[in-house]
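Chain and residue survey
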Amino acid sequence: MKTTEDVVGVIVAGGGATRLGGGDKGRLEIGGVAMISRIVTSIQPHLAALILNANGDPDRWRDLALPVVADAIRPERGPLAGVLTGLEWTRENFPRARYVLSVPCDTPFLPDDLCPRLAEAIDNGRHAVVCAVAGGWSHPVCALWPVEMASPLRSAMLEEPRLGVGRWMYRHAVAEVAFDEEAFANVNTAEDRKAAEAAIAKRL
């Protein structure tokens, strides 16, 4: 599979940074660079297209030069709505793509080879989904999803209002790909942000 032809990416940024004072979490800077900008730089070269899943006024993201797509199902349903949004947008706008790579907007250390390594684990249809794991934990929002999953996912979300990403994912055959533990460290609190700043400083 050629990821630059077969995979569309979606950055899930629908939530608010309530534990960090509100606003768009992806705009928070780590080492002087917004987290969302770090993510775009990391994953975009390996994709056929990249979109941003975010609610509210899309003009606030204009500088990213990405299509901004609001949640495909409302009221807000968390990151699984972002996955559905990416799947349905890809089906309608990029029909030759077979998979969607989903990533959250608050993971500033995503590995540059995330998409290629996940794609390597696709084994002739044996696995419906490919998920990143690190430190013994799965990271369901960092995953490759087949576009054909769009319709059954919408149906499941309408039937089960509290359905979450991991619960949906593990109803299917999942291939897991291991990465370094730091790769998926996310920033949810002020303490997380300090730890991320310290990690960036060590790299300099």
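Provided above is the structure to which this section pertains.
First, a word on what this report is: a plain description of the structure on this page. (Residues numbered from 1 in each chain as written. Predicted model: local features only at pLDDT ≥ 70, side-chain atom pairs only at ≥ 80, totals over all residues. Heavy atoms only, no water.)

Scanning the model with the defined rule gives one aromatic pair in all. For the ring pair Phe 179 and Phe 184, a centre distance of 5.5 Å and an interplane angle of 90° mean the geometry is edge-to-face. Judged by relative accessible area, which is 10%, Phe 179 ranks as buried. Looking at Phe 184, the relative accessible area reads 4%, which means it is buried. Taking the ring centre of Phe 179 as reference, the NZ or CZ of Arg 117 above it sits at 4.2 Å. (Phe/Tyr/Trp six-rings, centres within 6.5 Å; stacked < 30°, edge-to-face > 60°. Buried < 20%, exposed > 50% of the residue type's maximum accessible area, 1.4 Å probe, protein only. Lys NZ or Arg CZ within 6 Å of the ring centre and 35° of its normal.)

In this model, the largest pocket occupies a volume close to 420 Å³. The wall of the largest pocket is formed by 24 residues, among which Val 12, Lys 25, Pro 79, Pro 104 and Asp 106 lie closest to the centre. Where the lining of the largest pocket is concerned, the elements lending two or more residues are helix H3 (79–93) and strand E8 (137–146). Per-element accounting of the lining of the largest pocket gives the leading share, four residues, to E8. Residues of the lining of the largest pocket, tallied by class, amount to nine nonpolar, 11 polar and four charged. (1 Å grid on protein atoms, 1.4 Å probe; cavity = no way out; pocket = protein on both sides within 12 Å on 5 of 7 lines; lining within 4 Å. Points joined across faces, edges and corners; volume = space filled by probe spheres on them. Helix = DSSP H or I, 4+ residues; strand = E, 2+ residues; numbered from the N terminus. Nonpolar A, V, L, I, M, F, W, Y, C, P; charged D, E, K, R; others polar.)

It is worth spelling out the nonpolar core at this point. Counting residues in each nonpolar core, the largest one holds 35 residues, and the members touching the most others are Ile 11, Ile 43, Leu 101, Leu 114, Leu 118, Leu 144 and Phe 184. Contributions of two or more residues to this core are made by strand E1 (7–12), helix H2 (35–43), strand E4 (49–53), strand E6 (99–104), helix H4 (114–120), strand E7 (129–134), E8 and strand E9 (174–179). Those residues in contact with Leu 144, other than ones at most four positions away along the chain, are Val 7, Tyr 99, Val 100, Leu 101, Leu 118, Ala 119, Ile 122, Ala 128, Val 129 and Val 130. By size, the runner-up hydrophobic cluster in this structure holds 32 residues, among which are Ala 81, Val 83, Val 129 and Ala 143. (Core = buried A, V, L, I, M, F, W, Y, C linked by side-chain atoms within 4.5 Å. Contact = heavy atoms within 4.5 Å.)

Another point: the pattern of salt bridges. According to the stated counting rule, one finds 11 salt bridges in the structure shown. The partner of Glu 160 in a salt bridge is Arg 167, and the shortest N-O contact between them spans 3.4 Å. Here Glu 182 makes a salt bridge to Arg 203, at a shortest N to O gap of 2.6 Å. One end of the pair, Glu 182, is in the loop between E9 and helix H7 (190–203); the other, Arg 203, is in helix H7, with 21 residues separating them in the sequence. Ionic contacts of the salt-bridge type, sharing partners, join the residues Glu 160, Arg 167 and Arg 171 into one network. (Salt bridge = Lys/Arg side-chain N within 4 Å of Asp/Glu carboxyl O.)

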